[in-house]
There are 2 protein chains.
Amino acid sequence: MRKIIVQKFGGTSVADTEKIKNVAKIVINEKNNGNDVVVVVSAMGHTTDYLVKMAKDLNNNPSNREMDMLLSTGEGVSIALLAMAIQAQGYDAVSFNAMQIGIVTENVHSKARIIDIKTDKLRKNLNEGKIIVVAGFQGVTEDGEITTLGRGGSDTSAVALAAALNAERCDIYTDVEGVYTTDPRVVPTASRLDEISYEEMLELAHAGANVLHPRSVETAKQFNVPLRVRSSFKTDNLGTLILGVDKMEIYKPVAGVAADLSQARFVVCDVPDVPGQAAKLFSNLAKQNISVDMIIQSYARKVSNTNDIAFTIDSSDIDKTLETLNALKPELKCGEIQVNSEIAKVSIVGAGMIDRPGIASTMFETLAEQGINIKMISTSEIKISCLVDKTDAQKAVKALHDVFDLSCDEVAEVKGDLPDV
Amino acid sequence: MRKIIVQKFGGTSVADTEKIKNVAKIVINEKNNGNDVVVVVSAMGHTTDYLVKMAKDLNNNPSNREMDMLLSTGEGVSIALLAMAIQAQGYDAVSFNAMQIGIVTENVHSKARIIDIKTDKLRKNLNEGKIIVVAGFQGVTEDGEITTLGRGGSDTSAVALAAALNAERCDIYTDVEGVYTTDPRVVPTASRLDEISYEEMLELAHAGANVLHPRSVETAKQFNVPLRVRSSFKTDNLGTLILGVDKMEIYKPVAGVAADLSQARFVVCDVPDVPGQAAKLFSNLAKQNISVDMIIQSYARKVSNTNDIAFTIDSSDIDKTLETLNALKPELKCGEIQVNSEIAKVSIVGAGMIDRPGIASTMFETLAEQGINIKMISTSEIKISCLVDKTDAQKAVKALHDVFDLSCDEVAEVKGDLPDV
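Residues numbered from 1 in each chain as written. Chains lettered and ligands numbered in written order. Predicted model: local features only at pLDDT ≥ 70, side-chain atom pairs only at ≥ 80, totals over all residues. Heavy atoms only, no water.

Peer 1: Would you explain empty space enclosed by the protein in this entry?
Peer 2: It is a probe the size of a water molecule, rolled over the atoms, that shows where empty space is left. Using the criterion set out here, one finds one cavity of 30 Å³ or more in the structure. Of the pockets and cavities examined, the largest cavity occupies roughly 310 Å³. If you go around the largest cavity, you meet 22 residues; those closest to its centre are Asn97(A), Ile146(A), Ser72(B), Asn97(B) and Ile146(B). Among the secondary structure elements, those contributing two or more residues to the lining of the largest cavity are α3 (64-88), α4 (98-101) and β7 (138-140) of chain A together with α3 (64-88), α4 (98-101) and β7 (138-140) of chain B. (1 Å grid on protein atoms, 1.4 Å probe; cavity = no way out; pocket = protein on both sides within 12 Å on 5 of 7 lines; lining within 4 Å. Points joined across faces, edges and corners; volume = space filled by probe spheres on them. Helix = DSSP H or I, 4+ residues; strand = E, 2+ residues; numbered from the N terminus.)

Printed below as a string of structure tokens:
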């Protein structure tokens, strides 16, 4: 039986007709390797921004349902154009939107989750030798309502299709060459990883590495779909393969270093040390849909019998969080509420650290040598994160990258629009 | 039971967000009249041109299936934006594409005909008080393939929806104020008709008046849907109502004058006068999908026993027609083939001419007085067309408009991009 490869190309990879021709070449190349190919594409370059601007011109607060109707047209354009570009090279291709295939989602607009993917139409067309081009980012409910999948949507479409079709692999083509040991703009000797485990990739993604949305990695992990991240423009290397830890050879305790500058820290001071206070606090934040990342509760002070509770959230939620906390203040009987958005979370990630003691202490010592003050610490089995001053972030990443021996000999060539560190 | 009004807005009426706001006002106004409203829209302004240009960049000869996939996204954008604009005014609106509703067509791409329209989703949403915005121009096959309806498609969508829903009326909003007695740019005193019959409108449309595609008028006639043509930008007059001849009062023998400059005349000389020659000729043209309009066969010449066969076709088919005729020449044993594209078909149309003799002779005399030579004549019950030199077309239209007393006192104000006469 022929193997199925799912390929996904993002908006920058199909930004204009020249780039679409380039994608057609990559697709045909995979077909010529003897594989069946299903291609998932996003909307062209700035299409989504353009559509959102028109929507805002008409309605300050457009309904999510109509936004989904509007935005789903973006992939409708790119799938048809890519199919035409493939046909122009003499290959049989056919495009389908989510409704035609049956990429069934829950009935939630703007951030729906995929429930099921029908494969009969896909299998029939693959059996006829066709290359299939599928609209990413979109779905359809059982009632025929059009939905979109929200952030990381097209990657998730691709991984879910690969899982449904039992594909050999899902290749995510993007504008970077793979997953790096850290942001190459901060550390020019950052090296590209040939392999990384789902777990490490998830921790790196949560820690601020922007290559893949955690959601698509989670889906890949759940269905054990090997995922390859590689460049649409520089195809001479194979990028980074993300797969189950059981299948990979672990050679270094730390796989990568990441910094996340988008967080803010809250400290709720002098919370009386009676049971249920933390539960009250965090359940109210959850009700407001505010995601909390790191949490630290100090030991209760003997004299006042109060705690300080510190936690971090995404900076975009500062106002909502302040509002929630102020409303809770009388009930919590707490003291002052402090906010600090001049912080950064610096993390080291690596499945190899599980069985090697001393990684954490090396991290803390390295930061201390650099004179960097650690404000909070959180750990998982394969990740250690330290909260530091934002101004110390670059210095911290460089020193950690160095001490854990992640640099390669060559200076990485970086393109694309990664977030500043 | 509340009455249903179907409204249709073309591409120029939704060309930008300001114009979409204007359309929202017109829609809401009809809703406030106490009617249920279903709105059909085309793609925004130049969207289709833009999409076609990208397609041609990628493929000289894109498949009709993928072109339909591509072009159908145009209405996907305009329906969502119009629904948002209506919601911004505090009214409940919901948009649907053809696939969601079930506007079922035959399985032909780029010029499909509508077979059936499911009304359950429409009725359910109307009963909930919602204004429904529907994508025109597109359909879906029983197999879930996306089709488009070809020329006049959105008007046809609107009329077919009106028929399926038993609507009170279908209002076609456009960039002209209605149907005129002739092109107001040729005859500034041309008057807007308050009423015209389906049959007259059909003859006018076929005779070159570009207000409505004959296809939508035919559908309206078939299902007896009253059709109103009116301006999106100047809503202080009601435009022109098109309806069954039994319902209207006929006050003038001639309703309008039109000129069609897009035709070319062929003369096939010296065709031997044996049976089946004309059949052979025209069946071969039909096989090539060439529509023939006027046909004249001369009396057989006594000496040579041959005919001349003259006919007109659309100028865009000249090459294809020449090819077909040249291939047939040995079989037909005919003489020279002449082509003339410097011609115009000038027509007078009016249901009122049925019972009034002398209309044709008045037409011929009027043209003669102007020194205009008539090359061919064809007639129907409610239309007389004369083929003249292209350079005589304007003079002919003016004289006929005058002699049949069609001018109004005011000079018509004309906007929009009508074809040159």
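Back to the text.
Peer 1: So what exactly am I meant to see when it comes to the interface of chain B and chain A here?
Peer 2: It is common to report an interface's size as the accessible area lost on association of the parts. Tallying the contact residues gives 40 residues for chain B and 40 residues for chain A. Both sides together, the interface formed by chain B and chain A hides about 3,100 Å², and carbon and sulfur atoms give 66% of it. Of all residues in chain B, the largest losses of buried area upon contact with chain A belong to Leu58(B), Glu66(B) and Met84(B), amounting jointly to 23% of the total for that side. Across the chain B-chain A interface, the total number found is zero salt bridges. At the junction of chain B and chain A, the tally comes to 16 residue pairs in polar contact (both at pLDDT 80 or more). In terms of residues, the side of chain B that touches chain A owes the most to one element, α3(B), which gives 16 residues. (Contact = heavy atoms within 4.5 Å. Buried area = accessible area lost by both parts, 1.4 Å probe. Salt bridge = Lys/Arg side-chain N within 4 Å of Asp/Glu carboxyl O. Polar contact = N/O pair within 3.5 Å; in protein donor to acceptor, adjacent residues only side chain to side chain.)

Peer 1: Any chance you could explain unusual backbone geometry here in plain terms?
Peer 2: Trans is the prevailing form of peptide bonds, just as negative phi is the prevailing case for residues other than glycine. Its identity as a non-glycine residue notwithstanding, Asp270(A) has a phi of 55°, on the positive side. Mapped onto the fold, Asp270(A) is located in strand β14 (residues 263-272). With a phi angle near 60°, Asp405(B) is a residue other than glycine that sits in the positive phi range. Along the polypeptide, Asp405(B) turns up in the segment after α12 (393-403). Residue class for Asp405(B) comes out exposed when judged on its relative accessible area of 54%. (Buried < 20%, exposed > 50% of the residue type's maximum accessible area, 1.4 Å probe, protein only.)

Peer 1: So what exactly am I meant to see when it comes to the sheet that holds β14(A) here?
Peer 2: Picture the strands of a sheet paired through backbone hydrogen bonds; they go either parallel or antiparallel. Residue and element names in this part refer to chain A. Read from one edge of the open sheet, four strands run β15-β16-β14-β17, paired in antiparallel fashion. Edge positions in the sheet fall to β15 (292-297) and β17 (337-340), since each has one partner strand and no second. Going across the sheet, the axis of each strand differs from the next one's by a mean of 15°, ignoring polarity. Relative to β17, β14 runs antiparallel, the two being bridged by four bridges. (Pairing = 2+ DSSP bridges. Axes fitted to C-alpha atoms, helices over the stretch in contact; angles between N-to-C directions.)

Peer 1: Please clarify how the pairing of strand β16 (residues 306-314) of chain B should be interpreted in this entry.
Peer 2: The side chains of a regular strand alternate between both faces of the sheet. Residues and elements named next belong to chain B. Counting buried residues along β16, eight of its nine residues qualify, which places the element largely inside the surrounding structure. Summarising the sheet, strand β15 (residues 292-297) and β16 pair through four bridges and their orientation is antiparallel. Bridged to Ile-295 within β16 is Phe-311.

Peer 1: Please explain the sheet that holds strand β3 (residues 93-96) of chain A as it appears in this structure.
Peer 2: Residues and elements named next belong to chain A. Judged by pairing direction, the sheet is mixed, and its eight strands sit side by side in the order β3-β6-β2-β1-β9-β11-β12-β10 without closing on themselves. The open sheet has two free edges, formed respectively by β3 and β10 (195-197), since each of these has just one partner strand. Going across the sheet, the axis of each strand differs from the next one's by a mean of 20°, ignoring polarity. When strand β1 (residues 4-9) meets strand β9 (residues 169-174), the two strands line up parallel, connected through five bridges. Note on β9: the bridge partner recorded for Gln-7 is Asp-171.

Peer 1: Would you mind going over helix α12 (residues 393-403) of chain A with me for this structure?
Peer 2: Residues and elements named next belong to chain A. Inspection of α12 places Ala-393, Ala-396, Val-397, Ala-399, Leu-400 and His-401 among the buried residues, and these make up the whole buried set. On its buried face, α12 is in contact with β13 (256-260), β18 (343-349), α11 (359-369) and β20 (383-389). Where α12 terminates, the next one or two residues include Asp-405, which has phi positive at roughly 60°.

Peer 1: In this structure, what is going on with the side chain of Asp68(B)? I would like to understand it.
Peer 2: Residue and element names in this part refer to chain B. Relative to the helices and strands, Asp-68 resides in helix α3. Buried and without a salt bridge, Asp-68 has Arg-65 as its closest oppositely charged side chain, separated by 8.5 Å. At 2.8 Å, the side chain of Asp-68 forms a polar contact with the backbone nitrogen of Ser-110. Setting aside residues up to four positions removed in sequence, Asp-68 forms contacts with His-109, Ser-110, Ile-146, Thr-147 and Thr-148. (Lys, Arg positive; Asp, Glu negative; His and termini not counted.)

Peer 1: I would appreciate a short explanation of helix α10 (residues 318-332) of chain B in the present structure.
Peer 2: What sets the pattern is the α-helix's 3.6 residues per turn: residues three or four places apart point alike. Residue and element names in this part refer to chain B. The principal kink in α10, of about 30°, is found at Asn-326, preceding the proline Pro-330 by one to four residues. Looking only at α10, the buried set comprises Ile-318, Thr-321, Thr-324, Leu-325, Leu-328 and Leu-332. Next to the buried residues of α10 lie β14 (263-272), α9 (277-287), β16 and β17 (337-340). Where α10 ends, the next residue or the one after it, Lys-333, has phi of about 55°, a positive value. (Bend = angle between axes of the 7 residues up to and from the residue.)

Peer 1: Quick question: what am I supposed to make of the relation of the copies chain B and chain A here?
Peer 2: Between the two copies of this chain, the relationship is a rotation about some axis together with a displacement along it. For these two chains of identical sequence, chain B goes onto chain A by a turn of 180° and a shift of 0.0 Å along the axis, with RMSD 0.1 Å. Taken together, the turn and the small shift mark the pair as related by a two-fold rotation axis. For chain B, the smallest separation between a C-alpha atom and the rotation axis is recorded for Thr73(B), amounting to 2.6 Å. Most of the interface of chain B is mirrored in chain A, where 100% of its interface residues again form contacts. (Least-squares fit on C-alpha atoms with pLDDT ≥ 70 in both.)

The analysis is restricted to geometry; functional conclusions fall outside its scope.
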